[in-house]
Amino acid sequence: MKLLFNLQSMVGARTGIGFYTQHLVNALVKLQDVVDMAGFLGRHVMQDEQLLTWLSGVREIPLPATTPSKTLFAKNELKKIVRSIPSVYPLRHMFREWQVSKALKHYGQSGFIYHEPNYIPIKYSGKMVITIHDLSHIRYSEFHPPERVAFMNRHLKLAVDRADFIVTVSAFVRDEILDVFSVSSEKIVVTHLGTDMAFHPRSEIETFDTLRRFNLSYRGFVLSVGTLEPRKNLERLLAAYSALPEGVRLAYPLVLAGGGGWKDSDLQRQIQHMELRGEVIRTGYLPRAQILDLYASAAVFVYPSIYEGFGLPVLEGFASGTPVLTSNVTSMPEVSAGAAIEVNPLSVDEIRYALLNLLDDAALRSRHIQLGFDRAKAFTWAKCAEQTMAVYKQLG
């Protein structure tokens, strides 16, 4: 089997799609069925030993972990300006496609199966697989910049039609695709994501340096991880947390780990008020090692997202030995299967009540820690790679 991947999402400060690409590719190279693999970054294509060397040395580039500096603020403002320019998304895509199409021509002619892990593929003459992670740009278009929505609406249908197979990360998203697009169910294959082995329980001593940096105590805080954006439902989480008894808020500050996102101005102001009262600690985007420490030392991990294609942070909380509170909508129940406390994400009262119960009841926390451990074992990247390989094999 000869495989070709777009590796662009692995560069820089990675988000979910970048980690998906990284884990999938690393798991695939271990399979005997793979006889050749190539990956491209723009028009630069790596193959064989060069690719393996790059994969072994790839590191994420963290953004500043503290409150944004003037430089970071300026960069964020520049991003907003760029996003507001008409046609910026299609122009960027056209430029990238022009850059790499010639470089990939040889691979299409040589029988390489091209897997695009990030929705929209580059023009390619050979067999093609794409991964669709969710359809939030359709279901909740208000959660995305208008230019991104327009770009996805313009190109995703064509990508669905062009692809030989569509890989998606949950049965929920498979059903979404079938509902939105005219496509055969036989063309869509569900491959659940895996548990990153780096997420596991850690002792107070192991997490000491990270906790000291943010003046936190072991099992003495509530953790939320994710970009500060509307889809993550942080405004309702903040309202629910604010409604907890004062003594609980003093004992368990709310830690928000994640960088600023699109349309986050109102949320940032709300956070600032709570920071002044000492109830919220905002870390910014953190290096992976510190995220691992926070997951493993929180009293509760809260992920009340409104819409997720998979909800990988839920799995990360399970594997870290921390009880999880998440939403009862979209893909989260499929991942959780009752191992987390599941609530209506639109109900501030339900979020508050469940959070208070977990913080007040040590036995309830212990029960959900064990349920989470057991559930996390069902998801591995090796299994994801094997299921994806089965898709490739259908293409010869």
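Draft legend 1. Fine view of the sheet that holds strand β2 (residues 36-41). With mixed pairing, seven strands are arranged side by side in an open sheet as β3-β2-β1-β4-β5-β6-β7. Edge positions in the sheet fall to β3 (44-47) and β7 (188-190), since each of these pairs with one other strand and no more. On average, each strand axis in the sheet is inclined to that of its neighbour by 25°, with strand direction left out of account. Note that strand β1 (residues 2-6) and β2 share five bridges and pair parallel.

Draft legend 2. Seen up close, the packing of helix α13 (residues 312-319) against helix α16 (residues 362-376). Between α13 and α16, the least distance of the axes is 7 Å, while the angle of their chain directions is 115°. As the angle between them shows, α13 and α16 are arranged roughly perpendicular. Here α13 and α16 pass one another in a crossing that is left-handed. For the pair α13 and α16, the contacting residues are Leu315, Phe318 and Ala319 in the first and Gly372, Phe373, Arg375 and Ala376 in the second.

Draft legend 3. Spotlight on the nonpolar core. Formed by 62 residues in total, the largest nonpolar core has its most connected members in Leu3, Phe5, Leu28, Leu223, Leu294 and Tyr392. With six residues, helix α17 (residues 381-394) is the single largest residue contributor to this core. Of all hydrophobic cores here, the second largest spans 31 residues; its members include Tyr107, Tyr119, Met128 and Val183.

Draft legend 4. Expanded view of the layout of surface pockets. Taken as a whole, the second largest pocket spans an internal volume of roughly 370 Å³. Contributing to the lining of the second largest pocket are 21 residues, with Thr195, Asp196, Met197, Thr380 and Trp381 lying nearest its centre. For the lining of the second largest pocket, the element with the highest residue contribution is α17, accounting for four residues.

Draft legend 5. Expanded view of the pattern of salt bridges. Enumeration over the complete set of coordinates arrives at twelve salt bridges. Two residues, Asp33 and Lys393, come together in a salt bridge whose shortest N-O distance is 3.4 Å. Of the two residues, Asp33 sits in the loop between α1 (16-28) and β2 while Lys393 sits in helix α17, which places them 360 residues apart along the sequence. Residue Lys232 pairs with Glu308 through a salt bridge whose shortest N-O separation is 2.8 Å. Here Lys232 is found in the loop between β8 (222-225) and α9 (234-242), whereas its partner Glu308 is found in the loop between β11 (300-303) and α13, with 76 residues between them in sequence. Each member of the pair, Lys232 as well as Glu308, carries the same accessibility label: buried.

About the cut-offs
Residues numbered from 1 in each chain as written. Predicted model: local features only at pLDDT ≥ 70, side-chain atom pairs only at ≥ 80, totals over all residues. Heavy atoms only, no water. Pairing = 2+ DSSP bridges. Helix = DSSP H or I, 4+ residues; strand = E, 2+ residues; numbered from the N terminus. Axes fitted to C-alpha atoms, helices over the stretch in contact; angles between N-to-C directions. Parallel < 35°, antiparallel > 145°, perpendicular 65-115°, else oblique. Left-handed = near helix turned anticlockwise from the far one by under 90°. Contact = heavy atoms within 4.5 Å. Core = buried A, V, L, I, M, F, W, Y, C linked by side-chain atoms within 4.5 Å. Buried < 20%, exposed > 50% of the residue type's maximum accessible area, 1.4 Å probe, protein only. 1 Å grid on protein atoms, 1.4 Å probe; cavity = no way out; pocket = protein on both sides within 12 Å on 5 of 7 lines; lining within 4 Å. Points joined across faces, edges and corners; volume = space filled by probe spheres on them. Salt bridge = Lys/Arg side-chain N within 4 Å of Asp/Glu carboxyl O.

Such coordinate-based values are descriptive only and should not be taken to indicate function.
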